[in-house]
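# Structural characterization, general
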Amino acid sequence: MPFLFCKFAENFSTESFKLYLMKRVIVGLSGGVDSSVAAYLLKEQGYEVIGLFMKNWHDDSVTISDECPWLDDSNDAMLVAEKLGIPFQTVDLSSQYKERIVDYMFSEYEKGRTPNPDVLCNREIKFDVFMDIAMNLGADYVATGHYCRKGTITKNGKTIYQLLAGVDTNKDQSYFLCQLSQKQLAKALFPVGELTKPEVREIAKQQNLVTAEKKDSQGLCFIGKVRLPEFLQQQLQPKSGAIVEISADFSKYHEALPTFNSKQEELMHLSQTIDYSISDGKVVGQHQGAHYFTKGQRKGLAVGGTKEPLFVIETDVEENVIYTGQGKHHPGLLRNVLFVSNEELHWVREDLELVSGETMAVHARIRYRQPLEEATLHKVDSGLYVEFKTNQTAITEGQFVAWYCGEELIGSGVIS
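Quick notes on the rules
- Residue positions are given per chain, counting from 1 as you read along its sequence in written order.
- Residues qualify for local features only when their pLDDT is at least 70, as the model is predicted, and side-chain atom pairs are given and counted only at 80 or more; totals for whole chains, interfaces and linings, by contrast, use all residues.
- To get the side-chain values, take all heavy atoms of the structure and skip hydrogens and water.
- Strands here mean DSSP runs of E at least two residues long; helices mean DSSP runs of H or I at least four residues long; both are numbered from the N terminus.
- Two residues form a contact once any of their heavy atoms are found within 4.5 Å.
- Calculation of accessible area relied on Shrake-Rupley with a 1.4 Å probe; when residues are assessed, cover is drawn exclusively from the protein chains displayed.
- Using a 1.4 Å probe on the protein chains alone, a residue whose accessible area is under 20% of its type maximum counts as buried, one over 50% counts as exposed, and one in between counts as partly exposed.
- To be clear, the arc concerns the directions from the helix axis to the C-beta atoms.
- In protein, a polar contact means a hydrogen-donor-capable atom and an acceptor-capable atom, both N or O and within 3.5 Å, with residues adjacent in sequence counting only if both atoms are side-chain atoms; elsewhere, any N or O pair within 3.5 Å suffices.
- What makes a salt bridge here is a side-chain nitrogen of Lys or Arg within 4 Å of a carboxyl oxygen of Asp or Glu, nothing more.
- Any two strands between which DSSP finds at least two bridges are classified as paired.
- Under this scheme, a helix contributes an axis fitted over its contacting stretch, all axes are lines through C-alpha atoms, and angles between N-to-C directions fall in the 0 to 180 degree range.

## Details of the overall build of the chain
Across its full length, the chain holds 10 helices and 18 strands. Taking the contacts inside the chain whose residues are at least 6 apart along the sequence as the reference set, 69% of them involve residues at least 24 apart. Carbon and sulfur atoms make up 49% of the accessible area of the chain, which amounts to about 20100 Å² in all.

Written out as structure tokens, the structure is:
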């Protein structure tokens, strides 16, 4: 076999042999500075780099036109690829995006839950549909501009991939990748994870990339900043209903805890939300659809005359009622236990998965950029309880909770 290899190699020039050994990486060029620098760094490291822009949305009627329009992003991605001297192509994934992300969003809002499209987009589009396309193009890896890192350890003779927080704690995006699997991580690269945002912008400036000073995109993944009510009204029709204010003195907030026969009984009790009725408070306004609102929301209520701002503490899509309370510390917003069902439970580190009856001390967050909080995982037959050491604000059904050991994100789940 060594002889055959040497004879094979004799037919190659030094340069062509180098290309033969190069690993091919397809970068998801979004038209932003992070993916632009990711592509540059990979090329500098000797990879064969190809840039692909994902077009995931056609309907500009619900987007704010000067906020991250996809056409401008596509042009910027093309200019970056041209500057770096790498092949570039646009792939249209709009049908898959509609089916896997947009339709799911409509379904969740209709149920009164609040989905996180960015987490779903990474799991379903970037590291599934897009990754499949990349692999069919002969890629060894797929790279993005996420601020996170990938680690590798060996355990019982098996290679295990770690999802680690980015070096820039202010920009760490590991939370958005909390649903990735070992198979997806194996083929993923995160070139800017070891850098801070200012360092990334400086590299882009030095290389005269058109995206160097470009603002970070906001809003829905690959759609941009949307007018959410107009977006949801494509399928969820407006329907007038009452806005009810619940006093902080509401009796259920001050009831003594019952006696529990087990820790699981206590966790079940503490994870439950309060069932409000209109008679529990006073009607202070009208809204155009409970499914357009989410817990913790302040804007869009259009109710004045209160000592402190009103926040949404609960929505009832069946009765089309929004329950609110004054101030961000209203007791209706605070809870320290949540539940994730087995069907919506995910372990990035499958080797650390708990079995029923086991617990684990972790740090966890329920939204992006939230500081990590001390928590304990409690595995039960039906799912997993996450018990925080302190009360959390606006634990919201449909959002993702992610838990960490040190700087490693090891699992996540959809809040039930």
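## Description of unusual backbone geometry
Of note in the backbone geometry, Asn208 takes a positive phi value of approximately 55° without being a glycine. Of note, Asn208 is situated in the loop between helix 8 (197–206) and helix 9 (228–232). One non-glycine residue, Ala302, lies in the positive phi region at around 55°. Mapped onto the secondary structure, Ala302 falls in the loop between strand 9 (282–287) and strand 10 (310–316).

## Here we look at helix 8
The α-helix winds at 3.6 residues per turn, so residues separated by three or four positions along the chain end up facing the same way. Among all positions of helix 8, only Lys197, Val200, Arg201, Ile203 and Ala204 are buried. Down the axis of helix 8, the buried side of the element spans an arc of 160°, and every buried residue falls inside it. Turned more than 90 degrees from where helix 8 packs its buried face, Pro198 and Gln206 sit exposed. Lining the buried residues of helix 8 we find helix 3 (33–44). Count one or two residues on from helix 8 and you reach Asn208, which has phi positive near 55°.

## Some remarks on the side chain of Gln399
Considering the arrangement of structural elements, one finds Gln399 in the loop between strand 16 (383–393) and strand 17 (400–405). Ignoring any residue separated from it by four or fewer positions in sequence, one finds Gln399 in contact with Thr114, Pro115, Asn116, Ile366, Gly413, Val414 and Ile415.

## Digging into the side chain of Gln184
As for its position among the elements, Gln184 is in helix 7 (residues 182–186). Reaching out from Gln184, the side chain makes a polar contact with the backbone oxygen of Phe127 at a distance of 2.8 Å. Once you skip the residues sitting within four places of it in the chain, Gln184 turns out to touch Arg123, Phe127, Asp128, Met131 and Gln179.

## Quick notes on the environment of Met54
Locating Met54 in the fold gives a position in strand 2 (residues 48–55). The spatial distance from the C-alpha of Met54 to the C-alpha of Leu29 is 7.8 Å, given a sequence separation of 25 residues.

## Quick notes on the pattern of salt bridges
Scanning the model with the defined rule gives 25 salt bridges in all. For Arg24, the salt bridge identified is with Glu48, shortest N-O distance 3.0 Å. With Arg24 in strand 1 (residues 24–28) and Glu48 in strand 2, the pair connects residues that are 24 residues apart, well separated along the chain. We note a salt bridge from Arg123 to Glu124, for which the minimum N-O separation is 2.8 Å. Take Arg123: its relative accessible area is 25%, and that puts it in the partly exposed class. Taken together, the salt bridges that share partners define one network made up of Asp34, Lys171, Lys197, Arg201 and Asp216.

## Let's talk about the sheet that holds strand 4 (residues 141–143)
Strands sit in the order 3-2-1-4-7 across an open sheet of 5 strands; the sheet is parallel. Strand pairing shows two members of the sheet lacking a second neighbour, strand 3 (88–92) and strand 7 (188–189), which therefore form its edges. In the sheet, strand 4 pairs with strand 7 via 2 bridges, with the strands oriented parallel. Considered in strand 7, the bridge of Ala143 is made with Leu189. Relative to strand 1, helix 3 is tilted by about 170°, and along the sheet it contacts strand 1, strand 2, strand 4 and strand 7. Lying on the sheet, helix 6 (residues 117–136) is in contact with strand 1, strand 2, strand 3, strand 4 and strand 7; it crosses strand 4 at an angle near 135°.

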